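A closer look at the structure
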Protein chains: 2
Amino acid sequence: MTRTMTLSINGDRLNQSLDELAQIGAKSDGDNGSCIRRLAFSPEDLAARDRITQWMEAAGMGVRIDAAGNLIGTYPGVDPKAPALATGSHIDTVPSGGRYDGALGVVAGIEIARLLQESQIPLHHPFEVIAFADEEHTMVGSKAMAGTAPTDPERYAPPDNEAIQDCLVRVGGDWTRLTEARRDRSDIICFLELHVEQGGVLEAVDRDIGVVEGIVGQRRYRITIEGQANHAGTTPMNMRRDALTTAAQLILAVEDMAKHYPGEPVATIGAVTVWPNAINIVPGFVEMKMGMRDLAEPVIEHMLAQFKRKMETVAVATRTRIRIKPELELQPTLATNQVQDLIVESCQELGLSYTHLPSRASHDAQEIGKFTDMGMIFVPSRDGVSHSGEEYTSPQQCIQGANVLLQTLLKLDRYYR
Amino acid sequence: MTRTMTLSINGDRLNQSLDELAQIGAKSDGDNGSCIRRLAFSPEDLAARDRITQWMEAAGMGVRIDAAGNLIGTYPGVDPKAPALATGSHIDTVPSGGRYDGALGVVAGIEIARLLQESQIPLHHPFEVIAFADEEHTMVGSKAMAGTAPTDPERYAPPDNEAIQDCLVRVGGDWTRLTEARRDRSDIICFLELHVEQGGVLEAVDRDIGVVEGIVGQRRYRITIEGQANHAGTTPMNMRRDALTTAAQLILAVEDMAKHYPGEPVATIGAVTVWPNAINIVPGFVEMKMGMRDLAEPVIEHMLAQFKRKMETVAVATRTRIRIKPELELQPTLATNQVQDLIVESCQELGLSYTHLPSRASHDAQEIGKFTDMGMIFVPSRDGVSHSGEEYTSPQQCIQGANVLLQTLLKLDRYYR
């Protein structure tokens, strides 16, 4: 106990590695300053994968690339037959991305391997650090590992819309053997991912660490409203069937529903198109795109049912025809309770403040969590900004997150023994 | 008195002339059947003007074209120095127009001249029938006559965006002498326009004739809402500054305001543009176009003030920035009370049902009414449809309208004597 308490990662080295990785793909982002463009399967991604490989090898890890292009470093455990404890994230970015999204989780994992090597502290379980292939576009890496990857290559849209087969070959993967990348709980007993929040909750409630409760499920719908286009001058108010004023009622209903539902679901109408969209014509048709996310499937179901009832009432009152069509359905992935508890214990021992929160963004952990125990640790993003050159998490916050990751892994090594 | 009661127009000839005029510019409108394309200054418009000229001359009228391209037929009065009683409308159409909009008013005027010639009934005042130039696009004809026409040729957008100077030359007008088209009350004592309603009020209340109270004033505004674009997954509901849900509040406020205001103002948000308009992003910016129309300027002013107060409340509650910018301001033109009364008398004598109503569409009368007495007579449009091949007013309704026009003109001839 005393021993693990005194152990902590080398903060300077962690941040130096983050800096080094941030050089690969760094570019000017016009007026927005600098950002990072390290698209999956691009030359920059390949260069970054080389650097990660060198770091893993230098930290005493055996390195392999699976058929899905995942880069996997393994630090040996005392029991070579025990299932692995795994951590990691991704090093690819969106077209104008930041320094921390994904990178922090991979670099922190490597830093822990360096520490294990230096301190010669034995772990019972083998310790894996995984840089998943293409988190930002296809999630092919984590999905293949979870067995949830589509088998039709046409369903992948990697950057530049290249064929997924060609992409995988480039990073050392093999589309024809994709199923071999699949793993199970007898192979990875638990996966723990450190990541920046990509939202502003931790900053708003002023906490150091976010203990992730799970990755929310997501639904997307297309809603259409058919009214009647009419002369906006000559059609009296009481003779109108205005698709836009009808849409406005639904937009407010969606917001109100999500705001007042117990828990913290989100629901958004992000896109609206109006026909004919002219000042002198009463709108005759509106199309909207609605998204809902929550950790609990029943909450989403209940909100949807509530919205449909509202739709019916509004349609009658406005003499319009309202239709809703599902376009996407993603199940939530819950974080394992025991893993959350050990993250909390680690925070308490390190004197760090924390809060529980759902992850409303997608992460590799949402796929891995489908076949084994899973936990996620968040550190704050300044102003909640990510996917931008403005993305920022302080060196101190990165160190805190890596130390929570370290302490929790040490606890998990004992817990699963 | 007995004499005017027995006088009535030749209904068959009226409808035959309407049919004949409808041949000029008739075309197929795809799936919508047939429509009329007789754009101002086009070969079809020129052909129609020729036909009108022939009819006017055959009815014993002297015909001239003023500098603004207005085609004016004059039937002599007993007192050649008396100011004219004028009627008329326009014969140009929108790109896919109907048979009645404009044409009815011109043809009915000519039919009355034919009747005056046949019956040899003398009018005290000279009687003018005017086919105004380009009602549908620039209103150059009626505006020049009222002295309200812009003097900058760039401010005109005739069909096909030709130069207004070239357009006028083609129909026998002259841009350099445009001010000579101006007239005043000593020249035209009263203008009476028969027109199809272009709305569904008469049909809805089941009346034969609409006694127009005036042509509504119009305001147009550009409204912008500046919120904050944010990740629709990771931004909790209470941390959002959603420009679209804010817009929805304003859209409903505008509808509610117009619906519940005493009288019958209309207010419409017809156009909405959302940025970035993506399902996974909380909308950061919305632009809307709002129009308001009413017969009473104070009503428009009061609604605007009410809306601005609402805007301020909503901006504070939603933490957004809302701006409003005027883009168009047209004053209402009221119909002369005595003229309305004489239209009512005529309806009563003819046994026709009627209702008073505002015109919410623009007409040549709105310009002429700025310098002399004015009245308008509406006949029903089936389903309120106009500016379409579907536009329909029955032969019987056309005859009824023309007879009210005739009787009212006979009364006006006595009234102004």
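Residues numbered from 1 in each chain as written. Chains lettered and ligands numbered in written order. Predicted model: local features only at pLDDT ≥ 70, side-chain atom pairs only at ≥ 80, totals over all residues.

Here the focus is the overall build of chain A. A count of helical and extended segments in chain A gives twelve helices and 17 strands. The C-alpha radius of gyration of chain A comes to 24 Å, within 12% of the 22 Å expected for a compact globule of 417 residues. By principal-axis analysis of the C-alpha atoms, chain A measures approximately 85 × 45 × 45 Å. Contacts spanning at least 24 positions in sequence make up 78% of the contacts within chain A whose residues lie at least 6 apart. (Helix = DSSP H or I, 4+ residues; strand = E, 2+ residues; numbered from the N terminus. Rg over C-alpha atoms; globule rule 2.2 N^0.38 Å. Contact = placed C-beta atoms within 7 Å.)

Further remarks concern the sheet that holds strand β9 (residues 217–226) of chain A. Residues and elements named next belong to chain A. Taken in spatial order, the four strands make up an open sheet running β11-β13-β9-β14, and their pairing is antiparallel. Across the chains shown, the open sheet's two edge strands, defined by having one partner strand only, are β11 (266–275) and β14 (321–330). On average, each strand axis in the sheet is inclined to that of its neighbour by 15°, with strand direction left out of account. Lying on the sheet, helix α8 (residues 243–260) is in contact with β9, β11 and β13 (285–294); it crosses β11 at an angle near 170°. (Pairing = 2+ DSSP bridges. Axes fitted to C-alpha atoms, helices over the stretch in contact; angles between N-to-C directions.)

Moving on to the environment of A:W55. Structurally, the position occupied by A:W55 is in helix α3 (residues 43–58). Between the alpha carbons of A:W55 and A:I300 there is a distance of 43 Å; along the sequence they are 245 residues apart.

This part is about the interface of chain B and chain A. With 46 residues of chain B in contact, the opposing surface of chain A contributes 44 residues. For the side of chain B that touches chain A, the secondary structure elements donating two or more residues are α7 (201–205), α8 (243–260), β11 (266–275), β12 (281–282) and β13 (285–294) of chain B. Here the side of chain B that touches chain A gets nine residues from one element, more than from any other, and that element is α8(B). Taken together, the residues of the side of chain B that touches chain A break down into 22 nonpolar, 16 polar and eight charged. (Nonpolar A, V, L, I, M, F, W, Y, C, P; charged D, E, K, R; others polar.)

It is worth spelling out helix α4 (residues 103–119) of chain A at this point. The end-to-end C-alpha separation of α4(A) is 24 Å, in line with the 24 Å expected for 17 residues at 1.5 Å each. Downstream of α4(A) by a residue or two, A:Q120 has a phi angle that is positive, lying close to 55°. (Expected span 1.5 Å × (residues − 1).)

Residues and elements named next belong to chain B. In this fold, F378 is placed in strand β17 (residues 373–379). Linking F378 and Q165, residues 213 residues apart in sequence, is a C-alpha distance of 33 Å. Setting aside anything within four residues of it in sequence, one finds F378 in contact with H195, E197, L202, I209, G210 and V212.

Residues and elements named next belong to chain B. What the four strands build is an open sheet, ordered β11-β13-β9-β14; its pairing is antiparallel. Looking at which strands have only one partner, the edges of the open sheet turn out to be β11 and β14 (321–330). Averaged over all pairs of adjacent strands, the angle between their axes in this sheet comes to 15°, without regard to strand direction. Judged from the nine bridges that link them, strand β9 (residues 217–226) and β14 form a sheet pairing that is antiparallel.

Mapping chain B onto chain A leaves a residual RMSD of 0.2 Å; the transformation is a rotation of 180° accompanied by 0.2 Å of translation along its axis. Look at the turn and shift together and you get a two-fold axis relating the two. Minimal C-alpha distance to the rotation axis in chain B is attained by B:A248, lying at 2.2 Å. (Least-squares fit on C-alpha atoms with pLDDT ≥ 70 in both.)

The next point concerns the packing of α8(B) against helix α9 (residues 297–318) of chain B. All names here are of chain B. Taken N-terminus to C-terminus, the directions of α8 and α9 make an angle of 155°; their axes are 10 Å apart at the nearest point. As the angle between them shows, α8 and α9 are arranged roughly antiparallel. Crossing angle aside, the handedness with which α8 passes α9 is right-handed. Contact residues: α8 offers T246, Q249, L250, A253, V254, M257 and A258, while α9 offers M303, Q306, F307, K310, M311, V314 and T318. Across the contact of α8 with α9, the residue classes break down as nine nonpolar, four polar and one charged. (Parallel < 35°, antiparallel > 145°, perpendicular 65-115°, else oblique. Left-handed = near helix turned anticlockwise from the far one by under 90°.)

What follows deals with the pairing of β13(B). Residues and elements named next belong to chain B. Judged by how many residues are buried, β13 sits mostly within the fold: nine of ten residues are covered. As paired elements, β9 and β13 share ten bridges and run antiparallel to each other. The residue of β13 that forms the bridge with E226 is F285. Bridge count between β11 and β13: nine bridges; the pairing is antiparallel. (Buried ≥ 20, exposed ≤ 12 C-beta atoms within 10 Å, placed from the backbone.)

The next thing to look at is the domain arrangement of chain A. All names here are of chain A. According to the domain assignment, chain A contains domain 1 (2–215 + 332–415) and domain 2 (217–330). Its C-alpha centre places domain 1 at a distance of 38 Å from the equivalent point of domain 2. With six residues of domain 1 at the interface, the matching set in domain 2 holds seven residues. Residues of the side of domain 1 that touches domain 2, tallied by class, amount to three nonpolar, one polar and two charged. (Domains from an automatic or database assignment.)

Residue and element names in this part refer to chain B. The topology assignment puts C35 in strand β2 (residues 34–36). Residue C35 is classed as buried on the basis of its 23 C-beta neighbours within 10 Å. On a C-alpha basis, the gap between C35 and N403 in space is 27 Å, while along the polypeptide they are 368 residues apart. Each residue touching C35, except ones within four places of it in the same chain, is listed here: K27, D29, S96, G97, G98, S388 and G389.

Let's shift gears to the pairing of strand β3 (residues 62–65) of chain A. Along any regular strand, the residues point their side chains to alternate faces of the sheet. Residue and element names in this part refer to chain A. Two strands pair when backbone bridges link them, and β3 and strand β4 (residues 71–75) are joined in this way by four bridges, in the antiparallel orientation. Bridge pairing links R64 to I72 in β4. Hairpin connection, β3 to β4: the antiparallel pair is bridged by five residues, and G69 has positive phi, about 85°.

Further remarks concern the packing of α4(A) against helix α12 (residues 395–415) of chain A. Residue and element names in this part refer to chain A. Axis separation between α4 and α12 bottoms out at 10 Å; the angle between their running directions is 55°. Classified by the interaxial angle, the pair formed by α4 and α12 is oblique. Classified by chirality, the crossing of α12 by α4 is right-handed. Across the interface between the two elements, L104, A108, E111 and I112 of α4 pack against C398, G401, A402, L405, L406 and L409 of α12.

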